[in-house]
Amino acid sequence: MGARRDRRLTSAWPDPARSERLRSALESTAKMIMVRAPLGCRYGVPMANRLLPPGATETWLEHGGGRIRILRGGPLDPDPRTDKHPILLIHGGGYDNAAISWFKIFEPLSQDRLVLAPDLPGFGYTEGIPVTGDIDQLADLILAVARSYGLTRFAVAGISMGGDIAMHVALRHAVAVAGLILIAPGGLAERLKSQTAQFGAWLAAQLPDPILYGLSRRTARFVDSYLDRMVYDPSTIDDSVRAEFAREAERKDAGVGYGRYNQASLGPFKMRNNLLPNAYRITTPTLFLHGADDRLVDPANSIAAVEVMPRAELVLVSQCGHWLPIEAPDIFLSEVLDFVVALP
């Protein structure tokens, strides 16, 4: 029995009439598309081949002394007068990049609208940009990506760490954000599961870089165990996604982006990035999607946020863990497309 919607919670944001469900496009994501890297290697790691989601084209944006890799999908010349809001996708932490978390849903999501998915500094194939982990800088980088395509109004979707960034985009650039899609978002907890865990995580984040990232590379051998813990059913993770995640974990600077984010977010006794006390300030229409069996980010955090945000709704998906776009792509696409179609 696969993942299914468990229940829906709503705030003042009205529940729109449901549009017809997306059907055949999802089936095409079973294949893996590889491209030849323009630079040949990155930080000494050969990259003759790498994973791209079906429907994605690799583009580059010069920014901050380096360049951002952006995966682009959708119409070549989108009409800005249509009501089909573009969507910016923000990947998660760990060893994620734009091709991994969005692999199954990128092509169906971009069938009739522009979709952009950047690699954040310290992740994927973005390079030459200082990696600070500063959440406001990351939010502004997302806006810079949108502006580079001439976008003035768009929807933002973020998973885990990317959800934290997406909320900051909505807070800092509210006029530009038509809608917010948060998948098991970080940034809504006062502390980790226990005070001991909080202090231990903070202490680990203070280790000197050579030790911290040396340990990170040594854990690459346990990538499969890490991925299996992220999901309810490990069979939902394609081999191609596992392979790309492992490539990220094995490179010389593995984990630097997430490490800097953790250094900025973790305090010794509580989280520095807890937005829950200020979640009421996010007035953008918001859709939360959360696996009911998520072992990494407590679904209670999303429930608490929906209770205080004025225009938010939550869909809890049973038999689903932390990686909902990978575990339940059909539910993800159905809910997200209905949501963005109804946005003003």
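The rules behind each value
Residues numbered from 1 in each chain as written. Predicted model: local features only at pLDDT ≥ 70, side-chain atom pairs only at ≥ 80, totals over all residues. Heavy atoms only, no water. Buried < 20%, exposed > 50% of the residue type's maximum accessible area, 1.4 Å probe, protein only. Helix = DSSP H or I, 4+ residues; strand = E, 2+ residues; numbered from the N terminus. Pairing = 2+ DSSP bridges. Right-handed = clockwise from strand over helix to strand, strands pointing away. Contact = heavy atoms within 4.5 Å. Patch = residues over 30% accessible without salt bridge, like charges linked within 9 Å, V, L, I, M, F, W, Y side chains within 5 Å. Areas by Shrake-Rupley, 256 points an atom, 1.4 Å probe, with all protein chains shown as cover. Salt bridge = Lys/Arg side-chain N within 4 Å of Asp/Glu carboxyl O. Lys, Arg positive; Asp, Glu negative; His and termini not counted. Polar contact = N/O pair within 3.5 Å; in protein donor to acceptor, adjacent residues only side chain to side chain. Expected span 1.5 Å × (residues − 1). Core = buried A, V, L, I, M, F, W, Y, C linked by side-chain atoms within 4.5 Å. pLDDT = per-residue confidence, 0-100.

**Observations concerning the pairing of strand 12 (residues 286-291)**
So, point 1. Most of strand 12 is tucked away, with six of its six residues classed as buried.
So, point 2. Side-chain alternation along strand 12 places Thr286, Phe288 and His290 on one buried face and Leu287, Leu289 and Gly291 on a second face that is also buried.
So, point 3. Relative to strand 12, strand 11 (residues 177-183) runs parallel, the two being bridged by four bridges. Note on strand 12: the bridge partner recorded for Ile183 is Leu289.
So, point 4. Across six bridges, strand 12 lies against strand 13 (residues 312-318) in parallel orientation. When the sheet's bridge partners are listed, Gly291 is paired in strand 13 with Val317.
So, point 5. After leaving strand 12, the chain enters helix 10 (residues 299-308) and then returns to the sheet as strand 13, a path that is right-handed.

**Section: the environment of Leu296**
So, point 1. Relative to the assigned elements, Leu296 resides in the loop between strand 12 and helix 10.
So, point 2. Here the alpha-carbon distance between Leu296 and Arg229, two residues 67 residues apart in the chain, equals 8.3 Å.
So, point 3. Ignoring anything within four residues of it in the chain, the contact list for Leu296 reads Arg229, Met230 and His322.

**Examining a nonpolar patch on the surface**
So, point 1. Together, Phe199, Leu203 and Phe269 give the surface a local cluster of nonpolar side chains, amounting to about 300 Å² of exposed area.
So, point 2. Relative to the elements of secondary structure, Phe269 occurs in the loop between helix 9 (256-265) and strand 12.
So, point 3. With a relative accessible area of 52%, Phe269 lands in the exposed category.

**With respect to the side chain of Asp294**
So, point 1. Structurally, Asp294 is set in the loop between strand 12 and helix 10.
So, point 2. Within the buried set, Asp294 has no salt-bridge partner at all; the shortest N-O distance to an opposite charge, 7.2 Å, is to Arg295.
So, point 3. Within polar-contact distance, the side chain of Asp294 engages the side chain of His290 at 3.1 Å.
So, point 4. Among the polar contacts listed, one links the side chain of Asp294 to the backbone nitrogen of Leu296, at a separation of 2.8 Å.
So, point 5. Apart from the residues lying within four places of it in its own chain, the contact partners of Asp294 are Ala184, Pro299, Cys320, Gly321 and His322.

**Focus: helix 4 (residues 161-172)**
So, point 1. Here helix 4 is twelve residues long and its end C-alpha atoms lie 17 Å apart, about the 16 Å a rise of 1.5 Å per residue gives.
So, point 2. Across the twelve residues of helix 4, ten count as buried, placing the element largely inside the fold.
So, point 3. Those residues of helix 4 that sit buried are Met161, Gly162, Gly163, Asp164, Ile165, Ala166, Met167, His168, Val169 and Ala170.
So, point 4. In the core, the buried residues of helix 4 are packed alongside strand 8 (87-90), helix 3 (135-148), strand 10 (154-159), strand 11 and helix 9.

**Details of the nonpolar core**
So, point 1. In terms of nonpolar packing, the biggest core is built from 50 residues, with Leu89 and Trp323 touching the most fellow members.
So, point 2. Setting aside anything within four residues of it in sequence, one finds Leu89 in contact with Trp102, Ile105, Phe106, Leu109, Val115, Leu116, Ala117, Pro118 and Ala157.

**Comments concerning the confidence of the model for the protein chain**
So, point 1. This prediction gives the protein chain a mean pLDDT of 86; 82% of its residues lie at or above 70.
So, point 2. Every residue in residues 12-47 scores below 50 in pLDDT, and together they form 91 contacts with partners more than four places removed in sequence or on other chains.

**Regarding helix 3**
Since the α-helix advances by 3.6 residues per turn, residues separated by three or four positions end up pointing in the same direction.
So, point 1. The end-to-end C-alpha distance of helix 3 is 20 Å, a good match for the 20 Å that 14 residues give at a rise of 1.5 Å each.
So, point 2. Listing the buried residues of helix 3 in full gives Ile135, Leu138, Ala139, Leu141, Ile142, Leu143, Val145 and Ala146.
So, point 3. The N-cap residue of helix 3 is Asp134: its side-chain oxygen and the backbone nitrogen of Asp136 are 3.1 Å apart.
So, point 4. Positive backbone phi, approximately 75°, marks Gly150, located one or two places after helix 3.

**A word on the environment of Ser194**
So, point 1. Mapped onto the elements, Ser194 comes out in the loop between strand 11 and helix 5 (195-205).
So, point 2. Taking C-alpha positions, Ser194 is 9.9 Å from Lys270, a pair spaced 76 residues apart along the chain.

**So, unusual backbone geometry**
So, point 1. You will see that Ala184, though not glycine, has its phi angle at about 45°, which is positive.
So, point 2. Look at Gln319: it is not a glycine, yet its phi comes out positive at around 55°.
So, point 3. Its place among the elements puts Gln319 in the loop between strand 13 and helix 11 (324-327).

**Observations regarding the pairing of strand 13**
So, point 1. Of all the seven residues making up strand 13, seven are buried; the element is thus mostly covered by neighbouring parts of the structure.
So, point 2. Neither face of strand 13 is open: one carries Ala312, Leu314, Leu316 and Ser318, the other Glu313, Val315 and Val317, and all of them are buried.

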